[in-house]
Amino acid sequence: INTFDDFKYTDSILPVYNKADKIANTDRVTVLINGETGTGKEHLASYIHKNSVRAKAPFIAINCSALNDELLTAELFGYKKGSYSFAYEDRKGLFERADKGTIFLDEIADISPALQVRLLRVLQERVLEPLGSVEPVKIDVRVVAATNKNLAQLVQTGKFRDDLYYRIRVVHLTLPALNQRREDIPLLIDYMVAKFNRLQGKN
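Residues numbered from 1 in each chain as written. Predicted model: local features only at pLDDT ≥ 70, side-chain atom pairs only at ≥ 80, totals over all residues. Heavy atoms only, no water.

Spatial strand order, E2-E3-E6-E1-E7: five strands in an open sheet with parallel pairing. At either end of the open sheet lies a strand with only one pairing partner, and these are strand E2 (59-63) and strand E7 (171-174). Averaged over all neighbouring strand pairs, the angle between strand axes comes to 20°, with direction disregarded. Bridge analysis of strand E3 (residues 102-106) against strand E6 (residues 142-147) gives four bridges, and the strand direction is parallel. From the neighbouring strand, Leu105 faces E6, where its bridge partner is Ala145. (Pairing = 2+ DSSP bridges. Helix = DSSP H or I, 4+ residues; strand = E, 2+ residues; numbered from the N terminus. Axes fitted to C-alpha atoms, helices over the stretch in contact; angles between N-to-C directions.)

Okay, here's the thing in structure tokens:
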């Protein structure tokens, strides 16, 4: 087993991938993936991209919890030279670089309220403004988001915008926890052994 693609055929995960097949070519429809850490959320997002009309365009993934608010905003939306202390030249953000393709926003529950507002505008109007710019940039990108948290509960407590929640949750997929996918254990072992053998140059 050389890729995670084989995992979609196990009984526990098959219904999720069957649904992913059906929505892959719905193009701009946003997708929210729920699942515990390690259940394969990025793999599922990549699968949707590869089976869509956007397959030949970029698939770009970012973990939203890995950066502070300022850096994440700059990474996603880009910036103009001089817009902040380390902006030595113009730089396109991930949304622009994913144009015509798919952007995967992992751990979306962790983004700040200010960034939630920016993201909502992108989803509503399909435009963005790089930091330090007043010129809107049109983009054509599909958004797939993921979280291991209960977003509906965060909406109720006021920690996540309800309008953004409903924008990203047009299609909702839930990956079962690994303790509910015991038949995947041999596949995971085979994959890891093959991966480490390749890294060590062994057959």
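From this point, the narrative continues.
This brings us to the packing of helix H1 (residues 14-23) against helix H2 (residues 41-50). Between two packed helices, the angle of one axis relative to the other and the distance separating the axes together describe the packing. At their nearest, the axes of H1 and H2 sit 9 Å apart, and the two run at 35° to each other. The element H1 and its partner H2 pack so that their crossing is right-handed. Between H1, through Val16, Tyr17, Ala20, Asp21 and Ile23, and H2, the contact on the second element is made entirely by His43, Leu44, Tyr47 and Ile48. Its residues assigned to classes, the contact of H1 with H2 comprises seven nonpolar, one polar and one charged. (Left-handed = near helix turned anticlockwise from the far one by under 90°. Contact = heavy atoms within 4.5 Å. Nonpolar A, V, L, I, M, F, W, Y, C, P; charged D, E, K, R; others polar.)

With that settled, the discussion passes to the side chain of Lys41. Looking at the element boundaries, Lys41 is found in helix H2. Summary of buried charges: Lys41 has no salt-bridge partner, and the nearest side chain of opposite charge, Glu107, is 4.5 Å away. Within the structure, the side chain of Lys41 is placed 3.1 Å from the backbone oxygen of Gly35, a separation counted as a polar contact. Ignoring sequence-local partners within four residues, the contact set of Lys41 consists of Ile33, Asn34, Gly35, Glu36, Phe104, Asp106, Glu107, Ala146, Thr147 and Leu175. (Buried < 20%, exposed > 50% of the residue type's maximum accessible area, 1.4 Å probe, protein only. Lys, Arg positive; Asp, Glu negative; His and termini not counted. Salt bridge = Lys/Arg side-chain N within 4 Å of Asp/Glu carboxyl O. Polar contact = N/O pair within 3.5 Å; in protein donor to acceptor, adjacent residues only side chain to side chain.)

Okay, unusual backbone geometry next. Despite not being glycine, Asp27 shows a phi value in the positive range, around 60°. Along the chain, Asp27 falls in the loop between H1 and strand E1 (31-34). The class of Asp27 is partly exposed, set by a relative accessible area of 27%. At Glu107, a position not held by glycine, the phi torsion is positive, near 55°.

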